[in-house]
Amino acid sequence: MLIAMIITAGLLVGLSVLHALTAKFFKICIVNGKRPANYEFQPRATVIISVRGCDPSLEKNLARLLQQDYQNYDVLVVVDHQSDDAWNVVQHVKSEFDTNQRLKIVELRKPLNSCSLKCSALIQALDELDGETEVIVLLDA
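Residues numbered from 1 in each chain as written. Predicted model: local features only at pLDDT ≥ 70, side-chain atom pairs only at ≥ 80, totals over all residues. Heavy atoms only, no water.

Asker: Hey, could you run me through helix 4 (residues 117–128) in this one?
Answerer: Three- or four-residue spacings in an α-helix give side chains the same orientation, since the helix completes a turn every 3.6 residues. A rise of 1.5 Å per residue sets the reference length of helix 4, with its twelve residues, at 16 Å; its end C-alpha atoms lie 17 Å apart and thus fit the reference within 8%. Within the span of helix 4, buried status applies to Ser120, Ala121, Gln124 and Ala125. Mapping the buried residues of helix 4 onto a view down its axis gives an arc of 135 degrees, with all of them on the same face. Those residues of helix 4 hidden inside the fold are in contact with strand 1 (45–51), strand 2 (73–79) and strand 3 (103–107). (Helix = DSSP H or I, 4+ residues; strand = E, 2+ residues; numbered from the N terminus. Expected span 1.5 Å × (residues − 1). Buried < 20%, exposed > 50% of the residue type's maximum accessible area, 1.4 Å probe, protein only. Arc of directions from axis to C-beta. Contact = heavy atoms within 4.5 Å.)

Asker: Looking at this structure, I do not really get the pairing of strand 1. What am I missing?
Answerer: When a strand is regular, its side chains alternate between the sheet's two faces. Of all seven residues that make up strand 1, seven are buried, and the element is covered over most of its length. Judged by which residues are buried, strand 1 turns out to be covered on both faces: Ala45, Val47, Ile49 and Val51 on one side and Thr46, Ile48 and Ser50 on the other are all buried. Sheet analysis places strand 1 next to strand 2, joined by seven bridges and oriented parallel. Considered in strand 2, the bridge of Val51 is made with Val79. You can see the chain leave strand 1, run along helix 2 (residues 58–65) and come back into strand 2, and the turn it takes is right-handed. Inspection of the sheet shows strand 1 paired to strand 4 (residues 135–140) by six bridges, in the parallel sense. Of the residues in strand 4, the one forming a bridge with Val47 is Val137. (Pairing = 2+ DSSP bridges. Right-handed = clockwise from strand over helix to strand, strands pointing away.)

Asker: Would you mind showing me how to read the sheet that holds strand 3 here?
Answerer: The strands that make up a sheet are held in pairs by hydrogen bonds between backbone atoms, and each pair lies either parallel or antiparallel. Pairing is parallel in the open sheet, where four strands are placed in the order 3-2-1-4. Either end of the sheet is taken by a strand with one partner, and the two such strands are strand 3 and strand 4. The sheet shows a mean angle of 20 degrees between the axes of neighbouring strands, direction not considered. With respect to the sheet, helix 2 is in contact with strand 1, strand 2 and strand 4, its orientation differing from that of strand 1 by roughly 175 degrees. The sheet contacts of helix 3 (residues 85–97) involve strand 1, strand 2 and strand 3, and relative to strand 3 the element is tilted by about 160 degrees. (Axes fitted to C-alpha atoms, helices over the stretch in contact; angles between N-to-C directions.)

Asker: Looking at this structure, I do not really get the side chain of Thr133. What am I missing?
Answerer: As for its placement among the helices and strands, Thr133 is situated in the loop between helix 4 and strand 4. A distance of 2.9 Å separates polar atoms of two side chains, one belonging to Thr133 and the other to Thr46. At a separation of 3.0 Å, a polar atom in the side chain of Thr133 contacts the side chain of Asp130. Once you skip the residues sitting within four places of it in the chain, Thr133 turns out to touch Arg44 and Thr46. (Polar contact = N/O pair within 3.5 Å; in protein donor to acceptor, adjacent residues only side chain to side chain.)

Shown next as structure tokens:
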């Protein structure tokens, strides 16, 4: 019985070491490794965000979104109404961080009775897309 316990403990220690080495490998090669960006393939993308109320990280998230190294994208933010706290935050981000004129801000015009405000905003955003958009990204604020 003692021999079985020693063998089991040895196997567990060996698996732990193997797991640690594998994690280190992935950290060095994948997480820290920089993959070259494929600038040849960049289909037109539109990022759609429906916001209501002011999330504490909204400004930071939008600012970082505008700093992506992907070149061929726009951001469409649908805010429930102009008196919403998020409206001022999004306007501030546009004036401070939108150097490439990627950010478009619209107000939800006609909420539908058949679905939620969020779904109404997404439907409105889809209607506003131009014909060049090939990729649609939906983000939550």
